[in-house]
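Survey of secondary and tertiary structure
Each chain, written out:
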Amino acid sequence: MLTAQTKEYPLSAELQAKIDLVLESHDNDPTQIVGILLEVQDLNERHYVPEPTAYYLADRLGIPVTNVFDCLSFYSELSATPRAKYPIQVCSSPACRVNRIDTERLLNTLQNLLDIKIGEITYDGRFTLERTTCYGACDRAPSVRINGHVYDHLDSIEKIEALLRSLK
Amino acid sequence: MNESQEMVKLTINNIPIEVPKGTKIMQAAQTIGIDIPHLCYHEDQRIKAHCRLCSVEVTGKKRLLAACSTEVWEGMDVHTDTQIVRDTQVSILQLMLANHHKDCLSCPRNQNCDLQRLCSRFNILESHLPSVVKEEPRIETNPSIVRDPSKCIRCGRCIRACKDVQGIAALTYAGRSSDIVVTTAFNKPMEATDCILCGQCSLVCPTGAIVEKDDTQKVLDALQDNTKHVIVQVAPSVRVALGDAFGLEPGAIVTGQMVTALKLLGFDKVFDTNFGADLTIMEEGHEFLHRLNNDGVLPMMTSCSPGWVNYMEKHFPSCIDHLSSAKSPMSMFGAIAKTYYAQQAGLKPQEIVTVSIMPCTAKKFEAARPEMGRDGYQDVDIVLTTRELIKLIKYVGLSIGKLPENDFDSPLGLASGAGAIFGATGGVMEAALRTVYEKVTGKTLEKVEFMDVRGFDGIKEATIHLPGRDVRIAVAHTLKNARKIMEQVKKGTSPYDFIEIMACPGGCIGGGGQPIGTTNAIRKQRIAALYEIDRTLPIRKSHENPDIQTLYQDFLGEPLSERAHELLHTHYHKVDKPYQFD
């Protein structure tokens, strides 16, 4: 009853080595968990931290796995479930939204071109639309953030289309 | 009160008071009988100040302050009953209700729920806000603990109990803002996490979000079944905790009344787990001597706390050989009930239903272990917590304080004082030492109290002088303390020979199945009551219990005999982790 299904060697040696490097660069310091998770998440093409990886980090850092899960679920930049190759984050803070014509066009264009709504993922797994809190690019609004990179001044349909086309 | 302590003068609701510096507003108010409403605050936990229900007005401050976390200062002028305070408190409760599954009538915590009590106090008869509660199913995948996320008010008391008391951290907050929930890592069922089913989370939960698995109906069904002979055993710590729920002083000893209540409920026989405890001492004590004399695995560790056994199996599987193979008193009792007692009473084991009343949620899991039984039946069929017994007693309308007293039935009802103190941290060790000492020295132990192992300290240690060698012992309660001892055992640096560990704070008297409202102060009163029971009993050593002596003569032979091994001993297994890394 208490027995969990043990999965033999859930991480490939290659991935484990990469994670170990990340941990080493953070001095194996559990207080740097957020930075560690951001880097480990980028090792996965789908930009998330899978369950076995979270358990591995908890094991290596000597912290409860609940701490890792708490961080993963708290920060919108982190995810415990698979995301798209390009998670498109749209800021929901007022400073980005005061120019309503531009921001509404941004959101509508993204939804129309990708044929998904906020929170959904495209059929090919390339794009997802996510709301996020302020990432400090108010002066460059309307903008989106994709994998940590901010794409700014998206004030026309053409620019938005060009951005999507550029992401292969 | 320490006279040299600096005192602070303040007024609360215009009443001048003086309290020691560092006192929080909430405690200061309590000294003059004002109960500031609170939900996330718990007197045994560190302050969280999450729920803000204890907000009060302080003259000169623009905002309301949380009474649980704000220290008083000289000249402070506190008001707990102004309009703005009341409006705030009502609004907070209204917001909580909007996100709460309000099925009070069918909730296991009906009439014993802090949220319900506060709504009643503030006369909130219906929520004025639209419900935003998400329909979420109850999670009842294990035999001990049930979670109902739709009743959670996110106060965090369970998280603190799991992390700070037990050091396990199976529960956590996840998400943020309006999405915040209390859950396990990756939302796994409790039994698939580091949880050991001790139930301390259920003891501190202010609502019905974490409760014990309710088996009362199974008992009622068995009692109505004329083809079944239903017997019940009661753990030592239940008799000093039961009274709480019936308005008696904490620690009130209600043994005789409890027996009457169980007889009135319709049990065919009412027996005492303390008898099983005496039996455990006979086996465990001799096992220890055997290990000591034959270079066995030392330190030997007690194994009667099922939460602790689960912890060992999950967290320190490489040290399992250190656990005593003796079953717990409950399971020993069950095995004897379905063999020796069945023989005596002329019944088939299958006709007997054994019910246990335990202070513990993990006992439900223990009873369900496949190794705790033989020939297709379990030694113990149904385990009820103290809380479930309270429900049953209330169901038949009995008032514990007024019932006449009755004695346990024989032959499994006579127990020594050593059996009684099993319920307190250090009790098993003390009980074992009384027997071990006399067996080794052949002398009569005049002073049976081992004071070194008594008290509420996290880890206690002592040295017992036996002929030929000194025996070093340790006693720990809560798994946070157990971990400290286990790290030494794992490294092979443990200085001890014999270690007692209880998973719950204070031992079984503070178990996860005890009445809601159990605090450390109450735990101490219950411990004192158990020592009082021991002090007043004519027999205080397990091996002097005449019914135990008869049991060995007629049925078991001697301690550690083949039959004793078959019925009274077991083995434990490594529990795999969800993922194993090198």
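Computed from a predicted model, the values in this text were never measured in an experiment. (Residues numbered from 1 in each chain as written. Chains lettered and ligands numbered in written order. Predicted model: local features only at pLDDT ≥ 70, side-chain atom pairs only at ≥ 80, totals over all residues. Heavy atoms only, no water.)

A short note on the overall build of chain B
Worth spelling out the cut-off: Secondary structure counts use DSSP, requiring at least four H or I residues in a row for a helix and at least two E residues in a row for a strand, with both numbered from the N terminus. Using C-alpha atoms as the atom set, the radius of gyration is obtained and then compared with a globule rule of 2.2 Å times the number of residues to the power 0.38. Relative accessibility thresholds used throughout: buried, under 20% of the residue-type maximum; exposed, over 50%; partly exposed, between the two (1.4 Å probe, protein chains only). Contacts are assigned to residue pairs with any non-hydrogen atoms lying within 4.5 Å of each other. Throughout, the Shrake-Rupley method with a 1.4 Å probe supplies accessible areas, and for residues the shown protein chains are the sole cover considered. Charge counting treats Lys and Arg as positive and Asp and Glu as negative, with His and both chain ends excluded. To locate a charge, take atom NZ for lysine, CZ for arginine, CG for aspartate or CD for glutamate.
Looking only at helices and strands, chain B has 18 helices and 19 strands in total. Taking 25 Å as the expected radius of gyration for a compact globule of 582 residues, we find that chain B reaches 25 Å, a close match to that expectation. C-alpha extents for chain B along the principal axes are approximately 75 × 60 × 60 Å. By the burial criterion, 61% of the 582 residues in chain B qualify as buried. A fraction of 73% describes how many contacts in chain B between residues 6 or more apart in sequence connect residues 24 or more apart. For chain B, the exposed area adds up to about 23,200 Å²; of that, 49% sits on carbon and sulfur atoms. Side chains of chain B give 65 positive and 70 negative charges; the mean places of these two sets differ by 6 Å.

Details of the interface of chain A and chain B
Threshold: Buried area: the accessible surface (1.4 Å probe) lost by two parts on joining, summed over both. We count a salt bridge whenever a side-chain nitrogen from Lys or Arg sits within 4 Å of a carboxyl oxygen from Asp or Glu. Residue polarity is assigned by list, with Asp, Glu, Lys and Arg as charged and Ala, Val, Leu, Ile, Met, Phe, Trp, Tyr, Cys and Pro as nonpolar; anything else, Gly included, falls into the polar class.
Every contact between the two is made by 29 residues of chain A and, on the other side, 32 residues of chain B. Both sides of the chain A and chain B interface together cover about 2,700 Å² of buried area, and 64% of this is carbon and sulfur. Applying the counting rule to chain A against chain B returns one salt bridge. With a closest N to O distance of 2.6 Å, Glu51 of chain A and Lys188 of chain B form a salt bridge. Listed by contribution, the elements that provide at least two residues to the side of chain A that touches chain B are helix H3 (51-61) and helix H4 (65-74) of chain A. Broken down by element, the side of chain A that touches chain B gets its largest block of residues, eight residues, from H4 of chain A. In terms of residue class, the side of chain A that touches chain B is built from 17 nonpolar, seven polar and five charged.

Observations regarding the sheet that holds strand S1 (residues 86-91) of chain A
Residues and elements named next belong to chain A. What counts here: At least two bridges found by DSSP between two strands is the condition for calling them paired. Note on geometry: axes are C-alpha line fits, over the in-contact stretch for helices, and angles between N-to-C directions span 0 to 180 degrees.
Pairing is mixed across the open sheet formed by four strands, whose spatial order is S2-S1-S3-S4. Looking at the sheet topology across the chains shown, the edges are occupied by strand S2 (127-132) and strand S4 (149-151). Pairs of neighbouring strands in the sheet enclose a mean axial angle of 30°, with direction left out of account. By the bridge criterion, three bridges tie S1 to strand S3 (residues 144-146) in an arrangement that is antiparallel. Bridge assignment links Ile88 to a residue of S3, and that residue is Ile146.

Some words on the domain arrangement of chain A
Condition: The domain limits used here are those given by an automatic or database domain assignment.
When the domains of chain A are assigned, the result is domain 1 (13-74) and domain 2 (86-166). On a C-alpha basis, the centroid separation for the pair domain 1 of chain A and domain 2 of chain A is 28 Å.

Things to note about the environment of Ile253 of chain B
Along the polypeptide, Ile253 of chain B turns up in the loop between strand S10 (229-234) and helix H7 (255-265). Not counting the four nearest positions on each side in its chain, Ile253 of chain B is found in contact with Arg239, Val240, Ala529, Glu532 and Ile533 of chain B.

A word on the UniProt feature "binding site: [2Fe-2S] cluster" (unreviewed entry) in chain A
Residues and elements named next belong to chain A. Defined as follows: UniProt positions are given in the numbering used here, feature names are shortened, and annotations may be inferred rather than shown by experiment.
With numbering matched to this structure, UniProt assigns "binding site: [2Fe-2S] cluster" (unreviewed entry) to Cys91, Cys96, Cys134 and Cys138. Spanning 48 residues, the named residues nonetheless gather at one spot, since no C-alpha pair among them exceeds 9.2 Å. Looking at the secondary structure, you find Cys91 in strand S1. Its relative accessible area of 5% is what places Cys91 among the buried residues. Aside from chain neighbours lying at most four places away, what touches Cys91 is Cys96, Arg97, Thr132, Thr133, Cys134 and Tyr135. With respect to the element layout, Cys96 can be found in helix H5 (residues 94-97). Its relative accessible area of 7% is what places Cys96 among the buried residues. In this view, Cys96 contacts Cys91, Thr103, Cys138 and Ala141; residues no more than four positions away in its chain are not counted.

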